[in-house]
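Understanding the architecture of this molecule
These are the residues of each chain, in order.
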Amino acid sequence: MWDIFKDWIFSVIQFFYNFCNDWGLAIIIVTIIFRIIVAPLMHKQAKSNFQMQKIQPKIAEIQQKYSDDRVRMGEETQKLYAEAKFNPLAGCLPMLLQLPIFMALFQVLREMGDREEVHNFTFYNLVPNLVETPSGALGQGIGAFIPYLILMLVFAGATFLPMVLQQMKNGNSQQRNQTLIMGIIMTVFMLWISWGSPAGVLLFWGVSSLIGIGQNQFTLYRCRKKDREQEAEKELVAQEVSVNVVRKPKKKRPKKSR
């Protein structure tokens, strides 16, 4: 069943190759289609991350206040989630749903060079062989290695960049520094993975990650804009409700004539 699914994905890539006559461009087109399909899921995930950032300071307060009472901490945290209409699973579920598609695409691209239907596996004149790995390209000389190095940097940098963008507006310096350090470690790890990965895989992942960053920033922009509009509406309502009470001056009582 899994092999049938992978063959279907390869057929989709081959379909676009027959139009553009370039495997690299066909991979990019399929990647764009893939990101469009999972866009609603990524939108929900980005909204969930945005809500989590908003309530993170309150969660830290609860953890500090009820550090000796785990049961009460859990109850207060769940109450906070309910008030903020936040579902912790909303950020994980989209990732789990798109994981099979990503894994199948990843395996298809890794095995692309073993297929008899694939010839001239290039990306125009930019990358001469999408089956080749950066480690193998380095043995052909620095000039041949440069395109693969660029793919490696995009592949790894696209992993670190979302973490930087996410923490730019985080007021908690300790959490921000911890996340950035984790991002650097992840980037080094991704560079290590990319060293032995075919260039076609790096092209797919790099393009997919860059599109994902754009989608994520667009969702965050809309969420922040909606928050600003809601705050402006609250201020307007408060101004309309407030009533300035002006006391009228007392009239002098007329003196009785004797």
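Residues numbered from 1 in each chain as written. Predicted model: local features only at pLDDT ≥ 70, side-chain atom pairs only at ≥ 80, totals over all residues. Heavy atoms only, no water.

**Some details on the packing of aromatic side chains**
In total, this model carries 11 aromatic pairs according to the counting rule given. Judged by centre distance (5.1 Å) and plane angle (65°), the rings of F15 and F19 are edge-to-face. With a gap of four residues between them, F15 and F19 both fall in helix α1 (residues 2–20), about one helical turn apart. The exposure class of F15 is partly exposed, given its relative accessible area of 45%. (Phe/Tyr/Trp six-rings, centres within 6.5 Å; stacked < 30°, edge-to-face > 60°. Helix = DSSP H or I, 4+ residues; strand = E, 2+ residues; numbered from the N terminus. Buried < 20%, exposed > 50% of the residue type's maximum accessible area, 1.4 Å probe, protein only.)

**Quick word on the layout of surface pockets**
Taken as a whole, the second largest pocket encloses approximately 510 Å³ of empty space. F50, Q51, K54, D227 and Q230 are, among the 17 residues lining the second largest pocket, the residues nearest its centre. Looking at the lining of the second largest pocket, the elements with two or more residues in it are α3 (39–65), α4 (70–84) and α9 (199–241). Per-element tally for the lining of the second largest pocket: the top contributor is α3, with seven residues. Here the residues of the lining of the second largest pocket sort into five nonpolar, three polar and nine charged. (1 Å grid on protein atoms, 1.4 Å probe; cavity = no way out; pocket = protein on both sides within 12 Å on 5 of 7 lines; lining within 4 Å. Points joined across faces, edges and corners; volume = space filled by probe spheres on them. Nonpolar A, V, L, I, M, F, W, Y, C, P; charged D, E, K, R; others polar.)

**Regarding the nonpolar core**
Residues I13, W23, I27, M112, L130 and L203 are the most contacted members of the largest nonpolar core, which totals 38 residues. Mapped onto this core, the elements with two or more residues apiece are α1, α2 (23–37), α5 (93–110), α7 (142–167) and α9. With near-sequence residues (within four places) excluded, M112 lies in contact with F10, I13, V118 and F121. One finds I55, I59, Y66 and F86 within the second-largest nonpolar core, a separate group that totals eight residues. (Core = buried A, V, L, I, M, F, W, Y, C linked by side-chain atoms within 4.5 Å. Contact = heavy atoms within 4.5 Å.)

**Describing the pattern of salt bridges**
By the definition in use, this model includes four salt bridges. Ionic pairing is found between K6 and E111, a salt bridge with its closest N-O pair at 3.2 Å. On the criterion of sequence distance, the pair formed by K6 in helix α1 and E111 in the loop between α5 and α6 (134–138) is long-range, its members being 105 residues apart. Taking the relative accessible area as the measure of exposure, K6 reaches 8% and is therefore buried. Across the pair K79 and E76 runs a salt bridge, and its minimum N-O distance is 3.7 Å. Linking K79 with E76, this pair stays in helix α4, spanning three residues, or about one helical turn. Judged by its relative accessible area of 45%, K79 is partly exposed. Note on E76: relative accessible area 16%, which makes it buried. (Salt bridge = Lys/Arg side-chain N within 4 Å of Asp/Glu carboxyl O.)

**Focus: the confidence of the model for the chain**
Residues at a pLDDT of 70 or more form 84% of the chain, whose mean pLDDT is 79. For the chain, the element scoring lowest by mean pLDDT is α5, at 75; α2 scores highest, at 89. (pLDDT = per-residue confidence, 0-100.)

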